[in-house]
Amino acid sequence: MSSSSAAAPVSRIRWRRGRVTATGRSWRDALELTVAVEGEGELSSLAYPSLVGVPEVGDDVLLNTTALAQGLGTGGYAIVVAVPDRLPADPEGPGHLVKARYTPLQVLVQGVDEQETEHHEVIAAADDLGGMPVVVADLHSSLPAILIGMLATDPDLKVAYVMTDGGALPAAFSRTVTALKSSLAGVVTVGQAYGGDLEAVTLHTGLLAAKHVLGADLAIVTQGPGNLGTGTPWGFSGVAAGEACNAVSVLGGLPVGALRISDADPRPRHRGVSHHSLTAFGRVALGGVALVAPRGLSSELGGQVDEDLAGQPERNVVVWVDTDGLDTALGLSPVPLRTMGRGYPEERAYFLAAAAAGRYAALQVPVPEDAAAPAGAPATAEQFQDGSTSAP
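Parameters and conventions
- Residues numbered from 1 in each chain as written.
- Predicted model: local features only at pLDDT ≥ 70, side-chain atom pairs only at ≥ 80, totals over all residues.
- Heavy atoms only, no water.
- Helix = DSSP H or I, 4+ residues; strand = E, 2+ residues; numbered from the N terminus.
- Rg over C-alpha atoms; globule rule 2.2 N^0.38 Å.
- Buried < 20%, exposed > 50% of the residue type's maximum accessible area, 1.4 Å probe, protein only.
- Contact = heavy atoms within 4.5 Å.
- Lys, Arg positive; Asp, Glu negative; His and termini not counted.
- Charge placed at Lys NZ, Arg CZ, Asp CG, Glu CD.
- Pairing = 2+ DSSP bridges.
- Salt bridge = Lys/Arg side-chain N within 4 Å of Asp/Glu carboxyl O.
- Axes fitted to C-alpha atoms, helices over the stretch in contact; angles between N-to-C directions.

*Asks:* Would you mind going over the overall build of the chain with me for this structure?
*Replies:* Helix and strand content of the chain: eleven helices and 19 strands. In terms of C-alpha radius of gyration, the chain reaches 22 Å, essentially the compact-globule figure of 21 Å for 392 residues. With the C-alpha coordinates aligned to their principal axes, the bounding extent of the chain is approximately 65 × 50 × 50 Å. Across the 392 residues in the chain, those meeting the buried criterion constitute 50%. Taking contacts inside the chain between residues at least 6 apart in sequence as the whole, the part at least 24 apart equals 70%. The averaged location of the 42 negative side-chain charges in the chain is 8 Å from the averaged location of its 25 positive side-chain charges.

So, in structure tokens, the structure goes:
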């Protein structure tokens, strides 16, 4: 069949041209802009300077408005694809890892695990997390609450954030990560995600880098902002939380599940313990996970959570953790606590559960003289330093 008679491919991107009329906030590697588009008015837009340069007022820019037009995506931005009349200089930095591979905006970064870096030998030799607790959650919005729970328990702990590629690929998209920078030992972006303090090819090397390069006592694993879901048990990007737990187990760490708990979500499948938590931790994570439920919930919600977790496989241990002081700590959060359009305290149960997971993990950090269990062994009731297996 000749190319002239072939059907035209379906367009997958909504392109627009516009002119920058104003610049706004900037953080990490992100710059807010206002862009005037003929027939559509002024659009809130976002540029990543390391990709497209620094747009200025008066510049003509090429925009991807696909998600914006659909009302999708955290933040509601048109994305600047290029400043055609003022392209940035060619990259000159080191690195040969390509992320967002074979998309129009594939980027070149230097991986912590590639041969030319100072850390290659460390990562090549590393094969174990030495029992390091790793809190795994399915939503990016849990990140600050987990960190608050950790540091409220022990402010001297070093915590790394390992960002997976289920949501936004650029770490720079997250204002939360920027605001938490001083409280984190570092950010590691893995898979197709990029823009962290360290880049890694896989979640496994990312976890090893958190432990052996950043020197972290603890790690938090979540996808970036902007999860993808279809209202089905398996069609949700956060299901990868179960695979993250498997990676932690394989590497001799202690996987801790931050449960998604709510009594404010209008969708029945997310009330009590979300069906996504039950799927990811109960069916995908095969090495055993410590599932943390917070004390201090209402009797009705606590009972629902207890009932929802009753069917967990034997490899998973449910621990109820005391939450004294965590509400106060959450109220002092350095970043707004919001999930699915709702804030704290409206979604108190969700953020309290995340903070409780952080507290539990902080209490499990190995100490040199602690030989209670081999690295990577599944959690048992005897290991719990806070809470118990009993209901609230």
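*Asks:* Explanation requested: the pairing of strand 10 (residues 186-190) in the structure shown.
*Replies:* Each regular strand carries side chains that alternate between the two faces of the sheet. For strand 10, the tally of buried residues reaches five of five residues, placing the bulk of the element in the interior. The two faces of strand 10 match: G186, V188 and V190 on one face and V187 and T189 on the other face are all buried. Sheet topology note: the strand 10/strand 11 (residues 198-200) ladder contains three bridges and is parallel. Across the sheet, the residue bridging to T189 is E199, located in strand 11.

*Asks:* Whenever I open this one, the pattern of salt bridges confuses me. Can you help?
*Replies:* Between side chains of opposite charge, pairing is possible as soon as their charged atoms come close. Considering all chains together, one arrives at 14 salt bridges under this definition. With a closest N to O distance of 3.1 Å, R14 and E40 form a salt bridge. Residue R14 is found in the segment before strand 1 (15-27), and its partner E40 is found in the loop between strand 2 (30-37) and strand 3 (41-47); the two are separated by 26 residues along the sequence. Between R260 and D138 there is a salt bridge, and its shortest N-O distance comes to 3.8 Å. With R260 in the loop between strand 13 (254-258) and strand 14 (261-262) and D138 in the loop between strand 8 (133-136) and helix 4 (143-153), the pair connects residues that are 122 residues apart, well separated along the chain. A residue is classified by how much of its surface remains accessible, and R260, at 6% relative accessible area, is buried. Classification of D138 by relative accessible area gives buried; the value is 6%. A single salt-bridge network, built from bridges that share partners, covers R14, R16 and E40.

*Asks:* Could you clarify how one ought to interpret the sheet that holds strand 8 in this entry?
*Replies:* The pairing of strands in a sheet comes from backbone hydrogen bonds and takes either a parallel or an antiparallel form. The eight strands lie next to each other as 11-10-9-12-8-13-16-17, forming an open sheet whose pairing is parallel. Each of the sheet's edge strands pairs with one partner strand only, and the pair in question is strand 11 and strand 17 (317-321). Taking the axes of each pair of neighbouring strands and ignoring which way they run, one obtains an average angle of 25° across the sheet. Of the strand pairs in this sheet, strand 13 and strand 16 (residues 290-294) are connected by three bridges, and their pairing is parallel. By the bridge assignment for strand 16, V256 is matched with A290. Docked against the sheet, helix 6 (residues 203-212) engages strand 8, strand 9 (159-164), strand 10, strand 11 and strand 12 (218-223), running at close to 165° with respect to strand 9.

*Asks:* Would you mind showing me how to read the sheet that holds strand 5 (residues 78-82) here?
*Replies:* An order of 1-2-3-5-4 is seen for the five strands of this closed barrel, with the pairing classed as mixed. Sheet twist, expressed as the mean angle between neighbouring strand axes with direction ignored, is 55°. Relative to strand 5, strand 3 runs parallel, the two being bridged by two bridges. From the neighbouring strand, L46 faces strand 5, where its bridge partner is I79.

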